Amino acid sequence: MRYVRAFGRFWWDFVVGDDWRVAVGIALAIGLTSLLTHKGVNAWWMLPVAVALLLAGAVWRPRKA
Amino acid sequence: MSTSTALIVAGAFLASAVEMVEAVTIVIGVGVVRGWRSPLIGAGAATLALAVLVAALGPALTVIPIHVLRLVVGALLLAFGLQWLRKAVLRAGGWMAQRDEGVAFLREQEQAAAAGTEERAGLDWYAFTVAFKGVLLEGLEVVFIVISFGSAQGELGPAAAGAAVAVVLVGLAGVLVRGPLERVPENTLKYAVGLLLTSFGCFWAAEGAGVDWPGDELSLPVLIAFLALVSFLIVQALRRRPVPLPSGAGA
(Lines give C-alpha, C1' and ligand atoms only; values in the text may rest on other atoms or scores of the structure.)
Protein backbone atom coordinates (compact mmCIF):
# COMPACT_ATOMS: atom_id res chain seq x y z
CA MET A 1 0.00 0.00 0.00
CA ARG A 2 2.87 2.32 0.85
CA TYR A 3 4.40 1.76 -2.60
CA VAL A 4 1.08 2.36 -4.37
CA ARG A 5 0.67 5.62 -2.47
CA ALA A 6 4.26 6.64 -3.25
CA PHE A 7 3.72 5.79 -6.94
CA GLY A 8 0.54 7.90 -7.04
CA ARG A 9 2.30 10.74 -5.22
CA PHE A 10 5.17 10.62 -7.72
CA TRP A 11 2.84 10.94 -10.71
CA TRP A 12 0.78 13.67 -9.02
CA ASP A 13 3.94 15.71 -8.36
CA PHE A 14 5.24 14.93 -11.83
CA VAL A 15 2.18 15.98 -13.80
CA VAL A 16 0.16 18.28 -11.55
CA GLY A 17 2.93 19.74 -9.38
CA ASP A 18 2.21 22.39 -6.77
CA ASP A 19 -0.63 24.18 -8.58
CA TRP A 20 -3.57 21.88 -9.38
CA ARG A 21 -5.52 24.80 -10.88
CA VAL A 22 -3.21 24.83 -13.90
CA ALA A 23 -3.94 21.14 -14.58
CA VAL A 24 -7.68 21.74 -14.22
CA GLY A 25 -7.44 24.77 -16.52
CA ILE A 26 -5.62 22.70 -19.16
CA ALA A 27 -8.26 19.95 -18.97
CA LEU A 28 -11.07 22.51 -19.37
CA ALA A 29 -9.34 24.25 -22.28
CA ILE A 30 -8.75 20.96 -24.12
CA GLY A 31 -12.36 19.91 -23.47
CA LEU A 32 -13.64 23.24 -24.84
CA THR A 33 -11.36 22.96 -27.88
CA SER A 34 -12.69 19.47 -28.58
CA LEU A 35 -16.30 20.65 -28.17
CA LEU A 36 -15.83 23.59 -30.57
CA THR A 37 -14.03 21.41 -33.10
CA HIS A 38 -16.85 18.88 -33.10
CA LYS A 39 -19.31 21.77 -33.65
CA GLY A 40 -17.38 22.65 -36.80
CA VAL A 41 -15.22 25.49 -35.39
CA ASN A 42 -11.48 25.04 -36.00
CA ALA A 43 -10.53 26.44 -32.57
CA TRP A 44 -6.73 26.33 -33.02
CA TRP A 45 -6.44 29.63 -31.09
CA MET A 46 -8.14 28.30 -27.94
CA LEU A 47 -5.19 26.45 -26.33
CA PRO A 48 -2.50 29.10 -26.95
CA VAL A 49 -4.76 31.77 -25.41
CA ALA A 50 -5.66 29.47 -22.50
CA VAL A 51 -1.98 28.62 -21.89
CA ALA A 52 -1.04 32.32 -21.86
CA LEU A 53 -3.80 33.07 -19.33
CA LEU A 54 -2.97 30.03 -17.19
CA LEU A 55 0.71 30.98 -17.09
CA ALA A 56 -0.09 34.55 -16.09
CA GLY A 57 -2.47 33.28 -13.39
CA ALA A 58 -0.02 30.68 -12.07
CA VAL A 59 2.73 33.30 -11.79
CA TRP A 60 0.42 35.90 -10.26
CA ARG A 61 -0.71 33.70 -7.33
CA PRO A 62 2.72 33.26 -5.64
CA ARG A 63 3.35 36.95 -6.33
CA LYS A 64 0.25 37.87 -4.35
CA ALA A 65 1.18 35.46 -1.58
CA MET B 1 15.22 17.16 -41.34
CA SER B 2 11.80 18.81 -40.90
CA THR B 3 11.23 21.75 -38.55
CA SER B 4 9.34 19.63 -36.03
CA THR B 5 12.03 16.91 -36.04
CA ALA B 6 14.73 19.52 -35.42
CA LEU B 7 12.69 20.98 -32.55
CA ILE B 8 12.08 17.52 -31.09
CA VAL B 9 15.82 16.74 -31.14
CA ALA B 10 16.60 20.17 -29.63
CA GLY B 11 13.96 19.72 -26.92
CA ALA B 12 15.17 16.23 -25.96
CA PHE B 13 18.80 17.41 -25.99
CA LEU B 14 18.18 20.48 -23.81
CA ALA B 15 15.92 18.67 -21.33
CA SER B 16 18.40 15.84 -21.03
CA ALA B 17 21.31 18.28 -20.58
CA VAL B 18 19.52 20.15 -17.77
CA GLU B 19 18.63 16.96 -15.89
CA MET B 20 22.09 15.49 -16.45
CA VAL B 21 23.76 18.56 -14.93
CA GLU B 22 21.73 17.96 -11.74
CA ALA B 23 22.48 14.22 -11.79
CA VAL B 24 26.22 14.84 -12.32
CA THR B 25 26.24 17.24 -9.34
CA ILE B 26 24.84 14.45 -7.14
CA VAL B 27 27.18 11.73 -8.43
CA ILE B 28 30.33 13.89 -8.23
CA GLY B 29 29.31 15.36 -4.87
CA VAL B 30 29.09 11.84 -3.42
CA GLY B 31 32.10 10.52 -5.37
CA VAL B 32 34.51 13.23 -4.18
CA VAL B 33 33.73 12.44 -0.53
CA ARG B 34 33.20 8.65 -0.55
CA GLY B 35 35.17 7.37 -3.54
CA TRP B 36 34.12 6.80 -7.13
CA ARG B 37 33.38 3.08 -7.51
CA SER B 38 29.99 2.82 -5.78
CA PRO B 39 28.42 6.05 -7.12
CA LEU B 40 29.57 5.26 -10.65
CA ILE B 41 28.06 1.75 -10.45
CA GLY B 42 24.84 3.32 -9.08
CA ALA B 43 24.74 5.87 -11.91
CA GLY B 44 25.41 3.15 -14.49
CA ALA B 45 22.66 0.90 -13.10
CA ALA B 46 20.16 3.78 -13.19
CA THR B 47 21.13 4.69 -16.78
CA LEU B 48 20.62 1.06 -17.80
CA ALA B 49 17.18 0.99 -16.13
CA LEU B 50 16.19 4.19 -17.96
CA ALA B 51 17.37 2.84 -21.33
CA VAL B 52 15.31 -0.34 -20.78
CA LEU B 53 12.28 1.83 -19.96
CA VAL B 54 12.63 3.80 -23.21
CA ALA B 55 13.18 0.63 -25.25
CA ALA B 56 10.13 -1.09 -23.69
CA LEU B 57 7.62 1.77 -23.51
CA GLY B 58 8.49 3.57 -26.75
CA PRO B 59 7.48 0.81 -29.21
CA ALA B 60 4.55 -0.25 -26.96
CA LEU B 61 2.94 3.18 -27.36
CA THR B 62 2.90 2.88 -31.16
CA VAL B 63 -0.12 0.52 -30.96
CA ILE B 64 -2.30 3.36 -29.56
CA PRO B 65 -4.17 5.39 -32.24
CA ILE B 66 -2.16 8.52 -33.03
CA HIS B 67 -4.92 11.08 -32.29
CA VAL B 68 -5.58 9.53 -28.85
CA LEU B 69 -1.85 9.43 -28.16
CA ARG B 70 -1.40 13.07 -29.17
CA LEU B 71 -4.32 14.15 -26.99
CA VAL B 72 -3.02 12.33 -23.90
CA VAL B 73 0.65 13.09 -24.48
CA GLY B 74 -0.15 16.71 -25.37
CA ALA B 75 -2.21 17.20 -22.20
CA LEU B 76 0.51 15.63 -20.02
CA LEU B 77 3.25 17.65 -21.71
CA LEU B 78 1.22 20.83 -21.28
CA ALA B 79 0.74 20.24 -17.56
CA PHE B 80 4.37 19.21 -17.13
CA GLY B 81 5.79 21.95 -19.39
CA LEU B 82 3.77 24.72 -17.74
CA GLN B 83 5.33 23.75 -14.38
CA TRP B 84 8.79 24.23 -15.88
CA LEU B 85 7.80 27.47 -17.60
CA ARG B 86 6.11 28.88 -14.50
CA LYS B 87 9.20 28.27 -12.36
CA ALA B 88 11.48 29.63 -15.10
CA VAL B 89 9.39 32.82 -15.37
CA LEU B 90 9.38 33.26 -11.58
CA ARG B 91 13.18 32.81 -11.51
CA ALA B 92 13.76 35.20 -14.40
CA GLY B 93 11.43 37.73 -12.77
CA GLY B 94 13.30 37.53 -9.46
CA TRP B 95 10.49 35.83 -7.54
CA MET B 96 12.16 32.46 -7.06
CA ALA B 97 15.76 31.57 -6.20
CA GLN B 98 17.95 30.62 -9.17
CA ARG B 99 19.17 27.05 -9.22
CA ASP B 100 22.81 27.08 -8.11
CA GLU B 101 24.84 23.92 -8.76
CA GLY B 102 27.64 25.13 -6.46
CA VAL B 103 25.26 25.26 -3.48
CA ALA B 104 23.71 21.90 -4.41
CA PHE B 105 27.20 20.39 -4.71
CA LEU B 106 28.28 21.60 -1.27
CA ARG B 107 25.04 20.30 0.29
CA GLU B 108 25.57 16.91 -1.36
CA GLN B 109 29.13 16.75 -0.01
CA GLU B 110 28.03 17.64 3.54
CA GLN B 111 25.36 14.94 3.52
CA ALA B 112 27.80 12.38 2.08
CA ALA B 113 30.37 13.18 4.78
CA ALA B 114 27.80 12.93 7.57
CA ALA B 115 26.27 9.61 6.44
CA GLY B 116 27.36 6.38 8.10
CA THR B 117 29.22 3.55 6.38
CA GLU B 118 27.33 0.40 5.42
CA GLU B 119 28.65 -2.15 2.95
CA ARG B 120 26.31 -4.32 0.86
CA ALA B 121 27.25 -6.49 -2.13
CA GLY B 122 30.76 -5.07 -1.89
CA LEU B 123 29.48 -1.51 -2.37
CA ASP B 124 29.33 1.60 -0.23
CA TRP B 125 25.53 1.41 0.02
CA TYR B 126 24.96 5.10 0.76
CA ALA B 127 27.02 6.22 -2.24
CA PHE B 128 25.40 3.62 -4.52
CA THR B 129 21.78 4.40 -3.57
CA VAL B 130 22.21 8.20 -3.64
CA ALA B 131 23.76 8.05 -7.12
CA PHE B 132 21.20 5.48 -8.34
CA LYS B 133 18.20 7.44 -7.05
CA GLY B 134 19.60 10.77 -8.25
CA VAL B 135 20.22 9.58 -11.81
CA LEU B 136 16.96 7.59 -11.93
CA LEU B 137 14.75 10.44 -10.71
CA GLU B 138 16.39 13.09 -12.89
CA GLY B 139 16.39 10.66 -15.80
CA LEU B 140 12.69 9.76 -15.48
CA GLU B 141 11.76 13.27 -16.60
CA VAL B 142 14.00 12.85 -19.64
CA VAL B 143 12.46 9.43 -20.38
CA PHE B 144 8.99 10.95 -20.18
CA ILE B 145 10.00 13.73 -22.61
CA VAL B 146 11.76 11.37 -25.03
CA ILE B 147 8.89 8.88 -25.07
CA SER B 148 6.20 11.53 -25.41
CA PHE B 149 8.09 13.42 -28.14
CA GLY B 150 8.97 10.20 -29.91
CA SER B 151 5.54 8.57 -29.77
CA ALA B 152 3.41 11.62 -30.60
CA GLN B 153 5.41 12.43 -33.73
CA GLY B 154 6.78 8.97 -34.58
CA GLU B 155 10.31 10.27 -33.92
CA LEU B 156 11.52 8.10 -31.04
CA GLY B 157 14.94 7.54 -32.66
CA PRO B 158 15.85 11.24 -33.13
CA ALA B 159 14.44 12.15 -29.68
CA ALA B 160 16.44 9.37 -27.99
CA ALA B 161 19.55 10.36 -29.97
CA GLY B 162 19.21 14.01 -28.89
CA ALA B 163 18.91 12.96 -25.25
CA ALA B 164 21.80 10.46 -25.52
CA VAL B 165 24.16 13.08 -26.99
CA ALA B 166 23.38 15.37 -24.03
CA VAL B 167 24.03 12.52 -21.56
CA VAL B 168 27.44 11.84 -23.14
CA LEU B 169 28.46 15.52 -23.39
CA VAL B 170 27.42 16.48 -19.86
CA GLY B 171 28.88 13.21 -18.51
CA LEU B 172 32.22 14.00 -20.19
CA ALA B 173 32.13 17.56 -18.85
CA GLY B 174 31.53 16.12 -15.37
CA VAL B 175 34.51 13.75 -15.72
CA LEU B 176 36.77 16.62 -16.83
CA VAL B 177 35.63 19.15 -14.23
CA ARG B 178 35.09 16.77 -11.29
CA GLY B 179 32.99 19.45 -9.66
CA PRO B 180 29.67 21.23 -10.10
CA LEU B 181 28.97 22.33 -13.69
CA GLU B 182 28.34 25.92 -12.67
CA ARG B 183 29.17 27.36 -16.09
CA VAL B 184 26.22 25.64 -17.73
CA PRO B 185 23.49 28.31 -18.04
CA GLU B 186 21.06 25.97 -16.32
CA ASN B 187 18.31 28.48 -15.56
CA THR B 188 18.25 29.72 -19.16
CA LEU B 189 18.15 26.13 -20.43
CA LYS B 190 15.23 25.37 -18.12
CA TYR B 191 13.39 28.36 -19.54
CA ALA B 192 13.98 27.10 -23.10
CA VAL B 193 12.89 23.55 -22.18
CA GLY B 194 9.74 24.87 -20.50
CA LEU B 195 8.89 26.83 -23.64
CA LEU B 196 9.47 23.80 -25.91
CA LEU B 197 7.52 21.38 -23.71
CA THR B 198 4.58 23.77 -23.39
CA SER B 199 4.54 24.54 -27.12
CA PHE B 200 4.69 20.88 -28.18
CA GLY B 201 2.04 20.00 -25.58
CA CYS B 202 -0.22 22.77 -26.87
CA PHE B 203 0.32 21.68 -30.50
CA TRP B 204 -0.35 17.98 -29.95
CA ALA B 205 -3.21 18.39 -27.47
CA ALA B 206 -5.01 20.65 -29.96
CA GLU B 207 -4.36 18.20 -32.80
CA GLY B 208 -5.66 15.37 -30.63
CA ALA B 209 -8.80 17.42 -29.95
CA GLY B 210 -9.39 17.62 -33.71
CA VAL B 211 -7.84 21.01 -34.54
CA ASP B 212 -6.19 21.66 -37.93
CA TRP B 213 -3.32 24.07 -37.32
CA PRO B 214 -2.92 26.81 -39.96
CA GLY B 215 0.22 25.85 -41.89
CA ASP B 216 0.34 22.48 -40.11
CA GLU B 217 3.82 21.94 -38.56
CA LEU B 218 4.91 25.44 -39.57
CA SER B 219 2.65 26.80 -36.84
CA LEU B 220 4.93 25.18 -34.22
CA PRO B 221 7.73 27.81 -34.41
CA VAL B 222 5.05 30.53 -34.38
CA LEU B 223 3.53 28.96 -31.26
CA ILE B 224 6.96 28.88 -29.58
CA ALA B 225 7.52 32.55 -30.50
CA PHE B 226 4.07 33.48 -29.15
CA LEU B 227 4.64 31.77 -25.79
CA ALA B 228 8.17 33.23 -25.62
CA LEU B 229 6.69 36.71 -26.08
CA VAL B 230 3.96 36.10 -23.48
CA SER B 231 6.44 34.76 -20.92
CA PHE B 232 8.86 37.63 -21.67
CA LEU B 233 6.11 40.18 -20.99
CA ILE B 234 5.21 38.43 -17.73
CA VAL B 235 8.89 38.45 -16.67
CA GLN B 236 9.09 42.19 -17.41
CA ALA B 237 5.95 42.77 -15.32
CA LEU B 238 7.45 40.76 -12.42
CA ARG B 239 10.74 42.67 -12.60
CA ARG B 240 8.95 45.96 -11.98
CA ARG B 241 8.50 44.83 -8.37
CA PRO B 242 11.57 42.67 -7.68
CA VAL B 243 11.96 40.72 -4.48
CA PRO B 244 15.52 40.21 -3.16
CA LEU B 245 16.00 36.47 -3.07
CA PRO B 246 19.21 34.67 -2.07
CA SER B 247 20.79 32.44 -4.70
CA GLY B 248 20.01 28.84 -3.81
CA ALA B 249 19.78 25.32 -5.09
CA GLY B 250 16.12 25.50 -6.02
CA ALA B 251 14.68 22.53 -7.91
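Residues numbered from 1 in each chain as written. Chains lettered and ligands numbered in written order. Predicted model: local features only at pLDDT ≥ 70, side-chain atom pairs only at ≥ 80, totals over all residues.

Details of the overall build of chain B
The condition that has to hold: Helix numbering and strand numbering both begin at the N terminus, where a helix is a DSSP run of H or I of at least 4 residues and a strand a DSSP run of E of at least 2. Every radius of gyration here is taken over C-alpha atoms, with the globule rule written as 2.2 Å times N^0.38, N being the number of residues.
For chain B, the helix and strand inventory stands at eight helices and two strands. Of the regular secondary structure in chain B, the N- to C-terminal order runs α-α-α-α-β-β-α-α-α-α. Expected size for 251 residues packed as a compact globule is a radius of gyration near 18 Å; at 19 Å, chain B falls within 12% of this value. C-alpha atoms of chain B, sized along the principal axes, occupy 60 × 50 × 25 Å.

Some remarks on the overall build of chain A
Stated formally: Whether a residue is buried, exposed or partly exposed follows from its count of other C-beta atoms within 10 Å of its own C-beta, namely 20 or more, 12 or fewer, or something in between, respectively; the C-beta atoms are built from the backbone.
On a plain count of helices and strands, chain A comes out with three helices and zero strands. The N-to-C order of helical and strand elements in chain A reads α-α-α. For chain A, whose C-alpha radius of gyration is 15 Å, the value lies well above the compact-globule estimate of 11 Å for 65 residues. Each principal axis of the C-alpha distribution contributes one length, and for chain A these read about 45 × 35 × 10 Å. Scored against the burial criterion, the 65 residues of chain A give a buried share of 25%.

Here we look at unusual backbone geometry
All names here are of chain B. The phi angle at Ala 121 is positive, at roughly 50 degrees, despite the residue not being glycine. Non-glycine residue Asp 216 carries a positive phi angle of around 55 degrees. Structurally, Asp 216 can be placed in the loop between helix 7 (186-208) and helix 8 (219-239).

Here we look at the nonpolar core
Quick note on the threshold: Only buried residues count toward a nonpolar core: Ala, Val, Leu, Ile, Met, Phe, Trp, Tyr and Cys, linked into one set through C-beta atoms within 7 Å. Contact between residues is assigned whenever the C-beta positions, reconstructed from backbone atoms, fall within 7 Å.
Counting residues in each nonpolar core, the largest one holds 95 residues, and the members touching the most others are Leu 55 of chain A together with Ala 12, Ala 131, Val 146 and Ala 205 of chain B. Ignoring any residue separated from it by four or fewer positions in sequence, one finds Leu 55 of chain A in contact with Leu 82, Leu 85, Arg 86, Val 89, Val 230, Ser 231 and Ile 234 of chain B.

Details of the interface of chain A and chain B
Many descriptions give the size of an interface as the accessible area lost when the pieces come together. We apply this condition: In this classification, Asp, Glu, Lys and Arg are treated as charged, Ala, Val, Leu, Ile, Met, Phe, Trp, Tyr, Cys and Pro as nonpolar, and every other residue, Gly included, as polar.
Across the boundary between the two partners, chain A contributes 26 residues, which contact 29 residues of chain B. Within the residue set of the side of chain A that touches chain B, elements represented by two or more residues are helix 1 (2-16), helix 2 (20-38) and helix 3 (46-64) of chain A. Sorting elements by how many residues they give to the side of chain A that touches chain B places helix 3 of chain A first, with 11 residues. Split by residue class, the side of chain A that touches chain B holds 19 nonpolar, six polar and one charged.

Quick word on the packing of helix 3 (residues 66-92) of chain B against helix 7 of chain B
Residues and elements named next belong to chain B. For the record, the criterion: For helices, the axis comes from a line fit to the C-alpha atoms of the stretch in contact; other axes are also lines fit to C-alpha atoms, and the angle between any two N-to-C directions lies between 0 and 180 degrees. For classification purposes, an angle smaller than 35 degrees is called roughly parallel, one larger than 145 roughly antiparallel, one from 65 to 115 roughly perpendicular, and anything else oblique. With the far helix as reference, a near helix turned anticlockwise by less than a right angle produces a left-handed crossing, and one turned clockwise produces a right-handed crossing.
It is at 6 Å that the axes of helix 3 and helix 7 come closest, and there the two elements cross at 150 degrees. Compared by their axis directions, helix 3 and helix 7 come out roughly antiparallel. As for the relative orientation of helix 3 and helix 7, their crossing is left-handed in sense.

Some remarks on helix 4 (residues 101-114) of chain B
Residues and elements named next belong to chain B. For the record, the criterion: A helix is expected to reach a length of 1.5 Å times the quantity of its residues less one. Along the arc lie the directions from the helix axis toward the C-beta atoms.
With 14 residues, helix 4 should cover 20 Å at 1.5 Å per step; its first-to-last C-alpha distance of 20 Å lies within 8% of that length. All of the buried residues in helix 4 are Glu 101, Ala 104, Phe 105, Glu 108 and Ala 112. Buried residues of helix 4 fall within an arc of 100 degrees about the axis and therefore sit on the same side. Along helix 4, the residues that are exposed and aim more than 90 degrees away from the buried face are Glu 110, Ala 113 and Ala 114. Looking at the buried positions of helix 4, the neighbouring elements they touch are helix 1 (3-34) and helix 7.

Some words on the environment of Ala 159 of chain B
Residue and element names in this part refer to chain B. Locating Ala 159 in the fold gives a position in helix 6 (residues 156-177). Given 29 C-beta atoms within a 10 Å radius, Ala 159 is considered buried. With 72 residues separating them in the primary sequence, Ala 159 and Lys 87 have C-alpha atoms 24 Å apart. When residues no more than four places from it in sequence are discounted, the contact partners of Ala 159 are Ile 8, Val 9, Ala 12, Val 146, Phe 149 and Gly 150.

As for the confidence of the model for chain A
Formally: On a scale of 0 to 100, pLDDT captures the predictor's confidence in every residue.
Mean pLDDT over chain A stands at 87; residues scoring 70 or higher make up 94%. Across chain A, helix 2 of chain A holds the top mean pLDDT of 94, while helix 1 of chain A sits lowest at 80.

Things to note about the packing of helix 2 of chain A against helix 3 of chain B
Any two packed helices are characterised by how steeply their axes cross, that is the angle between the axes, and by the distance between the axes. Two elements in contact, helix 2 of chain A and helix 3 of chain B, have axes separated by 10 Å at closest approach and are oriented at 145 degrees. In this structure, the crossing between helix 2 of chain A and helix 3 of chain B has a hand that is right-handed. The segment helix 2 of chain A lies against helix 3 of chain B, with Val 22, Ala 23, Ile 26 and Ile 30 of chain A engaging Ala 75, Leu 78, Ala 79 and Leu 82 of chain B. Classifying every residue of the contact of helix 2 of chain A with helix 3 of chain B gives eight nonpolar, no polar and no charged.

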